[in-house]
Amino acid sequence: MVLSFFDQFMSPSYLGIPLMALALILPWTLYPKPTSQWISNRVLTLQGWFINRFTQQLMLPLGRKGHKWALLLTSLMIFLITLNMLGLLPYTFTPTTQLSLNMGFAVPLWLATVLIGMRNQPTIALGHLLPEGTPTPLIPVLIIIETISLFIRPIALGVRLTANLTAGHLLIQLIATAAFVLAPLMPTVALLTATLLLLLTLLEVAVAMIQAYVFVLLLSLYLQENV
Amino acid sequence: MILGCKLSAPVKMADRPVPIVEKRLLDVKLGELVTWIGGRDATPNGIFAALRRGHDRYYNKYINVKKGGIGGIAMLLVGYVAISYLWEYDHIKHDRWRKYH
């Protein structure tokens, strides 16, 4: 049955506890808390370096008011990247393949940026609905189009992350099944398929990191418009 | 002559009776095991404290060291994979026994 390939995304539960609970708690346990020691262990040093660099890069285009979002955006980035990467391990469950989780991230954060813009600088926020230099007859149509594009943003954010990860996992499973089934019949073709699988897995690692980054980056862009 | 009684064998700290529930697990005799389990603190606070103790032991042994390697995190991830496999076994066994995928 073709439908069985989607079974890996059904949230499995054992004794009534869904595996999603363990998968969601694990990223929190993987990052130790910084101590007040002068030189800490290697994991803490690497972690501190990465977080500082990332936050600095992310906060560059945002003004002082945007710096309030530093904690939220960096922790979101680390959470998403860890969830995505952990999902590439065998037999694990990736919570970010569930649309509900991604929409739960996208909609409130996007709405927060819009509300901040409307509250603090309503004229500028509404001004974003009309690009500069549009010919006058086109103005009404363009405002409608820009409003639609504004409301599509959270849906796009959530669905982008879900679709990328789901497609990646599905591809891995399909090609792995093909290689496995072909191995006793046509070993050479199976070897080629296995090479393809290796390349695909590397791609998936990259996609996992990139998608998390894109999510956070777009949010920071929306924030930059509205600050 | 010193008035005072000297015992035939000196009394050490370890000879004093310790309540069963306060012993560490490896010191509990087999017969006392049930009493030990029953007396442990199973309230949510107690469970969190036990998890915190376990986490601190693992962290200080494998990760919070001067030249930690990949072993500390690798063991954690392998354990996670193993737990995920066990958690999903009921679901995965159908994949193995199915004739057509």
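Residues numbered from 1 in each chain as written. Chains lettered and ligands numbered in written order. Predicted model: local features only at pLDDT ≥ 70, side-chain atom pairs only at ≥ 80, totals over all residues. Heavy atoms only, no water.

Quick notes on the overall build of chain B
Argument step 1. What chain B contains, in helices and strands, is four helices and zero strands.
Argument step 2. For chain B, the N- to C-terminal ordering of α and β elements is α-α-α-α.
Argument step 3. Carbon and sulfur atoms make up 66% of the accessible area of chain B, which totals about 8,900 Å². (Helix = DSSP H or I, 4+ residues; strand = E, 2+ residues; numbered from the N terminus. Areas by Shrake-Rupley, 256 points an atom, 1.4 Å probe, with all protein chains shown as cover.)

Brief notes about the nonpolar core
Argument step 1. Core analysis: the largest hydrophobic core is formed by 30 residues, its most contacted members being Leu73(A), Leu76(A), Leu80(A), Leu157(A), Phe215(A), Val216(A) and Leu219(A).
Argument step 2. Residues within four places of Leu73(A) in sequence aside, it is in contact with Phe54(A), Leu58(A), Met59(A), Val216(A), Leu219(A) and Ser220(A).
Argument step 3. With five residues, the next largest nonpolar core counts Leu26(A), Leu30(A), Leu86(A) and Tyr80(B) among its residues. (Core = buried A, V, L, I, M, F, W, Y, C linked by side-chain atoms within 4.5 Å. Buried < 20%, exposed > 50% of the residue type's maximum accessible area, 1.4 Å probe, protein only. Contact = heavy atoms within 4.5 Å.)

Considering the packing of aromatic side chains
Residues and elements named next belong to chain A.
Argument step 1. Here the structure, examined in full by the defined rule, presents seven aromatic pairs over all chains.
Argument step 2. Where Phe50 meets Phe54, the ring centres are 6.2 Å apart and the plane angle is 20°; that geometry is what we call stacked. Highlighted residues: Phe50 and Phe54, both in helix α2 (residues 42–59), separated by four residues, approximately one helical turn.
Argument step 3. For Phe54, a relative accessible area of 9% corresponds to the buried category.
Argument step 4. Every member of this aromatic cluster is reached through a ring pair, and the members are Phe50, Phe54 and Tyr213. (Phe/Tyr/Trp six-rings, centres within 6.5 Å; stacked < 30°, edge-to-face > 60°.)

Things to note about helix α4 (residues 99–120) of chain A
Residue and element names in this part refer to chain A.
Argument step 1. Relative to the 32 Å expected for 22 residues at 1.5 Å per residue, α4 spans 31 Å between its end C-alpha atoms, a close match to the ideal helical length.
Argument step 2. Every buried residue belonging to α4 is among Leu101, Asn102, Phe105, Ala106, Leu109, Trp110, Thr113, Val114 and Gly117, and all of these are buried.
Argument step 3. Of the surrounding secondary structure, the elements contacted by the buried residues of α4 are α1 (19–30), α3 (70–86), α5 (122–127), α6 (139–182) and α7 (187–226). (Expected span 1.5 Å × (residues − 1).)

A look at unusual backbone geometry
Residue and element names in this part refer to chain A.
Argument step 1. In the Ramachandran plot, Tyr91 falls in the positive-phi region, its phi being about 70° despite a non-glycine side chain.
Argument step 2. The residue Tyr91 is located in the loop between α3 and α4 in this model.
Argument step 3. In this structure Tyr91 comes out as partly exposed when scored by relative accessible area, which is 41%.

Considering helix α2 (residues 44–63) of chain B
Argument step 1. Given a rise of 1.5 Å per residue, 20 residues ought to cover 28 Å, and the 27 Å separating the end C-alpha atoms of α2(B) matches this to within 8%.
Argument step 2. Inspection of α2(B) places Gly46(B), Tyr59(B) and Ile63(B) among the buried residues, and these make up the whole buried set.
Argument step 3. Contacts from the buried residues of α2(B) go to α2 of chain A together with α3 (71–87) of chain B.

Some details on the environment of Leu71(A)
All names here are of chain A.
Argument step 1. When you line up the elements, Leu71 lands in helix α3.
Argument step 2. For Leu71, a relative accessible area of 67% translates into the label exposed.
Argument step 3. For the pair Leu71 and Met20, spaced 51 residues apart in the sequence, the C-alpha separation amounts to 24 Å.

Some details on the UniProt feature "transmembrane region" (unreviewed entry) in chain B
Argument step 1. On the UniProt side, "transmembrane region" (unreviewed entry) is annotated at positions that read residues 68–87 of chain B here.
Argument step 2. Annotated as residues 68–87 of chain B, this span is 85% helix and 0% strand, and its ends, taken at the C-alpha atoms, are 30 Å apart. (UniProt positions renumbered as here; feature names shortened; annotations may be inferred.)

So, the environment of Leu80(A)
Residues and elements named next belong to chain A.
Argument step 1. With respect to the helices, strands and loops of the structure, Leu80 is situated in helix α3.
Argument step 2. Taking C-alpha positions, Leu80 is 9.1 Å from Pro27, a pair spaced 53 residues apart along the chain.
Argument step 3. In this structure Leu80 touches Thr96, Phe105, Leu161, Ala212 and Phe215, once residues within four positions along its chain are discounted.

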